[in-house]
Each structure stands twice: as C-alpha cells, then as structure tokens.
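# Structural description and commentary
Each chain is listed here by its residues.
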Amino acid sequence: MRKGHLDSNCRYLAVQKALTAEGEIENIVLKGWVRTVRSGKGVTFLALNDGSSMASIQVVIDASHPDHEAVSAIGTGAALEVEGDLVASPAEGQRWEVKAARITMVGEAGHDYPLQKKRHSFEFLRTIAHLRPRSNTFGAVFRMRNALSFAVHKFFQERGFLYVQTPIITANDCEGAGEMFRVTTLDPRNPPLENSQIDWREDFFGEKTGLTVSGQLQAELFATAFSKVYTFGPTFRAENSNTSRHVAEFWMIEPEIAFANLQDDCKLAEDFLRYHVIYTLENCGEDLQFFNDRIEKGLIDKLEKLAKAEFHVLPYTEAISILQKSGENFAYPVEWGLDLQSEHERYLTEKVFDGPIFVVDYPAQIKAFYMRLNDDERTVAAMDLLVPRVGEIIGGSQREERYDILKMRMDAMGVPSEPLAWYMDIRRWGSCPHAGFGLGFERFLMYVTGMENIRDVIPFPRTPGNAQF
RNA sequence: UCCCCGGUAGCUCAGUCGGUAGAGCAGGUGGCUGUUAACCACCCUGUCGCUGGUUCGAGUCCGGCCCGGGGAGCCA
C-alpha cells in the first residue's frame, strides 16, 4: 500500500456521484474516510464516506492483491484515496461497489479514534464536535442545514427580496430582545472611570457596544428603501438559559416587508414555512429518511401533513377564552393580559387545532414597543406561529409606523428615544405600514430533522460555560 | 437562574440489602465468511466525577463542589 498523495489520471468522483452512476465506470478515484472495515481471508470490504451522501460506498479488495494484508489492518476513520473500477455489486445491499486496484493511505487513524462504528450518545458526540460531522447523524444534520440555508435565499430571491447584512456590533442597548454580550477593548482590570462609573466614551466606539440580539430595527430601515428585505445572520443572546432550545449564538432569519399589514406578514410566514418543508421533502430524501427511521418516527408524515395544512388565525382574546373553557388543569394561570405559556401554546396547536395556528393581537403591555397598536388601543398587531410538538416557531408583528404613537409607546415602556432617533426618523419621512417576523434557523432545523437538542443542529454550539472548538 | 435526574473500562451500560466491579462494542491473537455497524473463540482494559463525612467495610448512605441531561423561566 502506498503512502502520501496519489497522482493519477483517473477520474475523481464524489461518493454520491459514484453511488448514483448510470453504469459501470473504469478507472475512478474516490477519496474519503473509512467507516468500517470487514476483513476476511478471501476478501476485505471497506465502507468509504466523503460526506457527499448518507450512504458510504463499498470498496472491495481481493486477498490476491499484494496490499490485502495492509488494507485489512486499516482503522476506522483513516483517510484514503482509492483507485479502481466502479462495478455492479454481486451481493445484496448495494448496487455499485469499487473493485480496488490501488489504495493509498492519506492519513492514518489509530485505534484511539473516538468515533467507533457503533452508536454514540449525542452528549458524547458534543464533546468531540470536531469529529462528529463524520458520523451518520451529524452528516445528515449538516447536509440538511446546508440545503435549507440555500433554500432560505432561494425563497426570498425568487420573491424579489433584498438580502441585507445588518450589523453584528451595535450600540442599541435596548433592541428589546434580551441580554447583550459586551464588546469592548477596555482593560477589564483598569477601565477608565468617571464618578466611579466606567467611562464608555473612552471605549473603541466611543460608546457602550455589544453583539446584536436582532437585526430587525436596521432591517426596517432597509425595508423602507427596498420594499422587501431579509436578514440571515448570526445573533447573540447573553442570557443564562440552559435548555435544549437555547444557545448564545444562533442564526436568525428576519424578513421585513413595506406596505404590508399583519395579514400580509402571516401570509409570508405561512409561505415560508410551507416552501421549506416542501423543499426538504423534495431535496433531502436520503437524509430525511434517516431522520424518519432513527430520530423521529413519523417525521416525513408530519412534514407532509404540515405542507398541506390549513394555517388557522386565532386572536389572542379568543385563545384565552378557548383555554379557559377547556377544563384542562394548566400549571400556569390563563387570564387576559398574561402571556401564553408553552403548555397553553401546545394545547392550542396540538389538541384544539391539530395543526399550525397564528395567534394574533396580543395585549400591548406584554409585547415590544415597536409593535403596532390596534384600534382597540389595548392590543398590538403581533403574531406567533405555533406548530404541533414545538410550539412557537415564528414571532412577528406589524410595526408601529405612526411617529406619535411610537413615541408614546416608547415613553410608556421606558425605552429611551434619543438613541433610537434614526429608527424613529423613518416615521417622519415617507413612513408606511410595514411588518416582519423572526425565525430561529436552528429551531426550524430541529423541527424538520426531529433533533431534540439545539446544540445538535449547529456546528459548534455556544452555551453558558462552553465556547470550545 | 430555579426544580428534577444522572456521572462506573476508550464508548454504551449493568452493578441486588453497604461486603472490595461486570457485559457488549472498540483494541490484541487465532479462526471463518461476497461481507453489510460481519461472525466465532480466547486475551487485555478501571483515580467507580472531585472532596469531606458515617461505617469494621462505601460504586452503593449523607454533605459540599464540578460536569452532563430533562423540565421551567427568558426567548428564537
């Protein structure tokens, strides 16, 4: 067996291309990592995977081959280049296999390779996040993540939306969505002080800055120039949340549309969800089948059902009344003016409607300052899209486009208006009704893969106490 | 941050009433087979999370701490 790089005139093929070949091909080259070695006296089989598909390709080497003994000692995880002929497999289990003429060891893997050919717990795999993409489940997760990232852009671009990159560093302390990470170049042991308070004017940006918790406010500005825009980027929350649904760094999708009301917003959210579920069904078959068989039984049925489902619209006030009449014994109180808890949301979407629902028109006092005040003056044009098994998956609103009312709401909620003068300015000149929503990309991935922990749908999760890799 | 559960071999786990630790996989050796996370036989593998206590004796009981998981809150 040769070591090092193989120069060859042979045709290099991704494993996925080889597996879906129309016919036999002579002299091909495959490169990838060994998943299993099954060795016998007469013949040795290698399963080679290069991440291009869930399935590995079977490489066969006869005992008569001079390298047979060396090949049979190859460890799981080794990187190989295989040169040979793609031939029809004489045995059950695969259509094509590679009859190896030459196998080159590119990178060895010893017996201490942590990823064994057995089932590992997701908890263990998180501790080897640098290797877990080579496992079946994470291969499928990240291929799916890739496919859906592409689909997000495809969806918006096909509809004339402008992709806007909103800032990651921001001085808006009150974007309204939670704790921010501080961004500073000051020396923490010796910060400049004024009246024993840190003097942020001395900091890099001349004011107190942090990592963005939402691109919405800036997306609104662009919406009032380009009509339809979306963001798709990293978002940060410094909250000490320790749950399977929270990470400190995640990717959020935030469309914002001008000349639009809450109904238009709901329609967009519905189209978005349906489009991506159908895209997944049509483009991720092999990986989806794996999730359906191994991660969440009935996943494909669930997605097909969602793709065809009617999306109900339910005003908050009606939701409260349904919950109060339900006779269910909820752990948290149901009363007009209180926010809906997870148990309430799941009851509505699973038991009452058994399908996706928009809950709209929430009490003003439990929602953010920028949401548009309804004519009843006690609710705002907010919407949450709830789906079975997950609960809230999208949250959005029509934005308050009337300067005076926005100012009044900010004052009432204690939001200082001076730092947000630019945000308010677009209400002074050419203001128009507009709306948008936010969707956590990882939460959406959890929904379509059936994965139950958000840390298992993002390459390198950042959570309280953990920023490894 | 709060509540609950857990931490035993490289990995997945068992360990009874408190009596001195075990199975599968991985690894090694041999055998066997166009094999399918191959199979069969034998061999090897331990700071029982850390720390203090109770006890003749602690993986097992109690306290503290660390780490992980589930749920809640916050939210996406």
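Look up a bit, the structure's there.
In what follows, the accompanying structure is described. Bear in mind the structure is a predicted one, so any value in this text is a computation, not a measurement.

### Examining the environment of alanine 47
Relative to the helices and strands, alanine 47 is located in strand S4 (residues 43-49). With 11 residues separating them along the chain, alanine 47 and glutamine 58 place their C-alpha atoms 4.7 Å apart. With sequence-adjacent residues up to four places away left out, alanine 47 is seen in contact with Trp33, Val34, Arg35, Thr36, Ser56 and Ile57.

### Section: the sheet that holds strand S10 (residues 182-183)
To summarise the sheet geometry, strands pair through backbone hydrogen bonds and adopt either a parallel or an antiparallel arrangement. If you trace the 3 strands from one edge of the open sheet to the other, you get S9-S13-S10, paired in antiparallel fashion. A single partner strand is all that each edge strand has here, and the edge strands are strand S9 (169-170) and S10.

### Let's talk about the sheet that holds strand S17 (residues 357-363)
Strand order in the open sheet formed by 8 strands is S8-S14-S15-S20-S19-S18-S17-S16, and the pairing between neighbours is mixed. The sheet is open, and its two edges are formed by strand S8 (162-163) and strand S16 (312-315), each paired on a single side. One ladder, built from 4 bridges, connects S16 with S17; its direction is parallel. Following the sheet pairing, histidine 312 is matched in S17 by isoleucine 357. Against the sheet, helix H13 (residues 441-449) contacts strand S14 (228-236), strand S15 (249-258), strand S18 (379-387), strand S19 (391-399) and strand S20 (434-440), and its axis sits at roughly 60 degrees relative to S20.

### Looking at the layout of surface pockets
Space inside the second largest pocket adds up to approximately 850 Å³. What lines the second largest pocket is a set of 36 residues, and nearest its centre among them are Arg35, Arg134, Ser135, Asn136 and Thr137. Mapped onto the lining of the second largest pocket, the elements with two or more residues apiece are strand S3 (25-39), S4, strand S5 (57-62), helix H3 (122-127), helix H4 (136-158) and helix H7 (285-295). Counting residues per element, the lining of the second largest pocket draws most heavily on S3, at 5 residues. Among the residues making up the lining of the second largest pocket, the classes are represented as 15 nonpolar, 13 polar and 8 charged.

### Some thoughts on the pairing of S20
Among the 7 residues that make up S20, 7 are buried, leaving the element largely enclosed by the rest of the structure. The side-chain alternation of S20 yields two buried faces, one formed by His434, Gly436, Gly438 and Gly440 and the other by Ala435, Phe437 and Leu439.

### Notes on the packing of aromatic side chains
Taken as a whole and judged by the stated rule, the model has 25 aromatic pairs. Ring geometry for phenylalanine 155 against phenylalanine 156: centres 5.0 Å apart, planes inclined by 80 degrees, an arrangement best described as edge-to-face. Neither residue differs from the other here; phenylalanine 155 and phenylalanine 156 are each classed as buried. Between the aromatic rings of phenylalanine 311 and phenylalanine 358, the centroid separation amounts to 6.1 Å while the plane-to-plane angle is 35 degrees, which identifies the pairing as tilted. Linking phenylalanine 311 in the loop between helix H8 (299-308) and S16 with phenylalanine 358 in strand S17, this pair joins segments that are 47 residues apart in sequence. For phenylalanine 311, a relative accessible area of 8% puts it in the buried group. A residue is classified by how much of its surface remains accessible, and phenylalanine 358, at 1% relative accessible area, is buried. An aromatic cluster of three or more residues is present, and its members are Phe155, Phe156, Phe161, Tyr163, Tyr230, Phe272, Tyr275, Tyr279, Phe437 and Phe444. Here lysine 367 stacks its cationic end above the ring of tyrosine 362, 4.2 Å away from the centre of that ring. Here the guanidinium or amino end of arginine 378 rests over the ring plane of tryptophan 336, the centre of that ring lying 4.0 Å away.

About the criteria used
Residues numbered from 1 in each chain as written. Chains lettered and ligands numbered in written order. Predicted model: local features only at pLDDT ≥ 70, side-chain atom pairs only at ≥ 80, totals over all residues. Heavy atoms only, no water. Helix = DSSP H or I, 4+ residues; strand = E, 2+ residues; numbered from the N terminus. Contact = heavy atoms within 4.5 Å. Pairing = 2+ DSSP bridges. Axes fitted to C-alpha atoms, helices over the stretch in contact; angles between N-to-C directions. 1 Å grid on protein atoms, 1.4 Å probe; cavity = no way out; pocket = protein on both sides within 12 Å on 5 of 7 lines; lining within 4 Å. Points joined across faces, edges and corners; volume = space filled by probe spheres on them. Nonpolar A, V, L, I, M, F, W, Y, C, P; charged D, E, K, R; others polar. Buried < 20%, exposed > 50% of the residue type's maximum accessible area, 1.4 Å probe, protein only. Phe/Tyr/Trp six-rings, centres within 6.5 Å; stacked < 30°, edge-to-face > 60°. Lys NZ or Arg CZ within 6 Å of the ring centre and 35° of its normal.

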